[in-house]
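Working through the structure, step by step
Given next are the chains, with one letter for each unit.
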Amino acid sequence: MFRTPLTLFRTLAIAEAISWTLLIAGLILRATADLSIAVTIGGGIHGFVFLAYGATAVLVALNQRWGLGPAAVAIVSAVIPYATVPTEVWLHRTGRLRGAWRLEAGDDPRDHRPLDRLLRFFLRRPWVLGILILAAVALIFVVLLVVGPPGGKSISAASRR
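A quick note: this is a predicted structure, and the numbers were derived from the prediction, not measured.

1. Some details on the packing of helix H2 (residues 36-64) against helix H3 (residues 68-76)
- Two numbers describe how H2 lies on H3: the axes approach to 9 Å, and their chain directions differ by 165 degrees. Looking at the two axes, H2 sits roughly antiparallel to H3. Regarding H2 and H3, the two cross each other, and that crossing is right-handed. Where H2 abuts H3, its residues Tyr53, Ala57, Val58 and Ala61 lie against Ala71, Ala74 and Ile75.
- Classifying every residue of the contact of H2 with H3 gives seven nonpolar, no polar and no charged.

Set out below in structure tokens:
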């Protein structure tokens, strides 16, 4: 399914943009129809996809050996509505998404670093990697749900009860 870093990154970049639409639609429904559940649903989906995109950006950045700049742009693009799509286009056009997963060590001396060996270990076991990433994203998601939204509950929402 995700045979190349390009297909995985592109899929998550588009999913992140779609999740922004769900969140914004939920905010509009809450403001116009007093449907707070719409923000809960849209926000929950967006939050999960946001974290999954971030994990994907880190994984692809490691595999593709991006420098700090492109990796930071990819990760930060999730914070700006719809920015993941033009970011994916830019990364693709500049060749940063070209190539396959690095499953085997090559002639590059960096292939012998512990991080690269660990990356190859998990890339050769995509189901294990997928489950670990999903578990990490789910754990972070649950922790963030328990902590609550930034700034806490709004006063206006509390006063309506």
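2. Topic: the environment of Arg96
- For Arg96, the location among the structural elements is in the loop between helix H4 (84-93) and helix H5 (114-123).
- For Arg96, a relative accessible area of 28% gives the class partly exposed.
- The residues contacting Arg96, other than those within four sequence positions of it, are Gln64, Trp66, Pro70, Trp90 and Leu91.

Scoring rules and cut-offs
Residues numbered from 1 in each chain as written. Predicted model: local features only at pLDDT ≥ 70, side-chain atom pairs only at ≥ 80, totals over all residues. Heavy atoms only, no water. Axes fitted to C-alpha atoms, helices over the stretch in contact; angles between N-to-C directions. Helix = DSSP H or I, 4+ residues; strand = E, 2+ residues; numbered from the N terminus. Parallel < 35°, antiparallel > 145°, perpendicular 65-115°, else oblique. Left-handed = near helix turned anticlockwise from the far one by under 90°. Contact = heavy atoms within 4.5 Å. Nonpolar A, V, L, I, M, F, W, Y, C, P; charged D, E, K, R; others polar. Buried < 20%, exposed > 50% of the residue type's maximum accessible area, 1.4 Å probe, protein only.

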